[in-house]
Amino acid sequence: MLIVFIRAIILYILMTFCVRLMGKRQLGELSPSELVITIMLSNIATIPIQDTNLSMLMGVIPILTLVCLDVVMSGFTLRYKRLRRLVSGTPKIIIKDGVIDQKVLRDLRFSIDDLMESLRSSNVFDISEVWYAVVETTGSINIIQKHEYQTTTAKMLKVKGKTENPPQLIIDDGFIIKHALKSVKLSQGWLDELLLAKGIKVSEIFILTADESGKTNIVLKDKK
Amino acid sequence: MKRVLICSLILLTMLCGGIVFVAVADRYNSAIVSDLKKATELYQDNKPDKALYYIERVEKKWDSYYHIVCYIMPSDFIQETTKDIRKLRTLLITESDDFLVECKAVLYSINIIYENEFPYLRTII
């Protein structure tokens, strides 16, 4: 039992290390090769945990090989466009000026239901509203609507404004996040003055957010 | 690119480790197989005392080989082979007819270890 316990801990650490090694891309969206790796890893990792007759190296080596190979391949695909096309494929335009490219749809083995579902998830219910729809290499569909259906922007309305940094979390459950304070160009002195004026201690604050203008939002901890 | 470099190093380390392991397995296998064959020949020539010397050598070599091979082979297989090797001495001392059969079984097991490690096309596929 102890062996299984120790093996599980080791493989947990290894898998966490591997996912970190694969980078943030792995956590967000999966390219074809990453999908293959993810499925394979989840299977391989469980084998040496369950079967103590097998050496743990028989699990560790294929895991490391697959992950490292994937990272090295992604490094190569960055440099070589042809390899990238071979491994990840290319984005395909599926709708152009409101007209579905049926050949591409067939090639991708996308049903009209799949397409309509993707359009609806982008708040588009009428194909004629779509200017371009592109099927990305990850399988997701990105849409550009025709000008008349696009969400109005400040630029369209010619409204001038200033782009401001979003508010930052300055105090998290009674702890001051100093780098956040710096990022909104505020000082510890400013925070001390604010708390003094409000008559509250840092330890009493659950959340405190602030932006560059010094506008704050304070949520106090619940009193038990 | 740091990740790519780390991964390349890990891959290279594993490749080197694999090659070193094949070399070590080959060395141990050759030594054990040669001693076993000598022991069998001597036993067949009615020289069990001299054969015993080689069987003891096989036991010693297996003991050190065991610590390496246990990282890659299923433990059932290693335990079975260890049991077979441990039997050899008793069979030899009692001059049992099974000694030669057991020697062949050990030779077969030892060869399997190497065969499983060396990347022959048949073992890969």
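What counts as what
Within each chain, residue numbers correspond to sequence positions counted from 1 in written order. Note on labels: chains are lettered from A, ligands numbered from 1, in written order. In view of the model being predicted, local features appear only for residues whose pLDDT reaches at least 70, and side-chain atom pairs are presented and counted only at 80 or more, with totals across whole chains, interfaces and linings using the full set of residues. Only hydrogens and water are set aside; all other atoms, that is, all heavy atoms of the structure, feed into the side-chain values. Where helices and strands are cited, they refer to DSSP runs of H or I of at least four residues and of E of at least two residues respectively, numbered from the N terminus. The buried label goes to any residue with under 20% of its type's maximum accessible area, the exposed label to any with over 50%, and the partly exposed label to all in between, with areas taken from a 1.4 Å probe on protein chains only. It only takes one pair of heavy atoms within 4.5 Å for two residues to be counted as in contact. Under the convention used here, a 1.4 Å probe and the Shrake-Rupley method define accessible areas, while residue burial counts only the protein chains that appear. A pair of strands is considered paired only if DSSP assigns at least 2 bridges between the two. In this description, a line fitted to the C-alpha atoms serves as the axis of each element, helices being fitted only across the stretch in contact, and the angle between N-to-C directions of two axes falls anywhere from 0 to 180 degrees. Values labelled buried area give the accessible surface lost by two parts on being combined, using a 1.4 Å probe and summing over both. We define a salt bridge as a contact between a side-chain nitrogen of Lys or Arg and a carboxyl oxygen of Asp or Glu at a distance within 4 Å. Between N or O atoms, a polar contact is any pair within 3.5 Å; within protein, one atom must be a potential hydrogen donor and the other a potential acceptor, and residues adjacent in sequence are included only when both atoms are from side chains.

Trainee: Quick rundown of the overall build of chain A? Include the residues and the values.
Mentor: Across its full length, chain A carries 10 helices and eight strands. Across the 224 residues in chain A, those meeting the buried criterion constitute 28%. Contacts spanning at least 24 positions in sequence make up 51% of the contacts within chain A whose residues lie at least 6 apart. Of the roughly 15,600 Å² that chain A leaves accessible, carbon and sulfur atoms contribute 59%.

Trainee: Which residues make up the sheet that holds strand β7 (residues 205-210) of chain A, and what values do they have?
Mentor: All names here are of chain A. The antiparallel open sheet is built from four strands, whose spatial order is β6-β5-β7-β8. The outermost strands of the open sheet, each flanked by one partner alone, are β6 (175-176) and β8 (216-220). The strands touched by helix α10 (residues 188-198) are β5 (168-172), β6, β7 and β8; relative to β7, the strand with the most contacts, the crossing angle is about 125 degrees.

Trainee: Describe the interface of chain A and chain B, naming the residues involved and giving the relevant values.
Mentor: Chain A puts 19 residues into the contact, and the matching count from chain B is 16 residues. Around 1,400 Å² of area is buried between chain A and chain B when both sides are counted, 72% of it from carbon and sulfur atoms. The interface formed by chain A and chain B includes zero salt bridges. Taken together, the links from chain A to chain B amount to five residue pairs in polar contact (both at pLDDT 80 or more).

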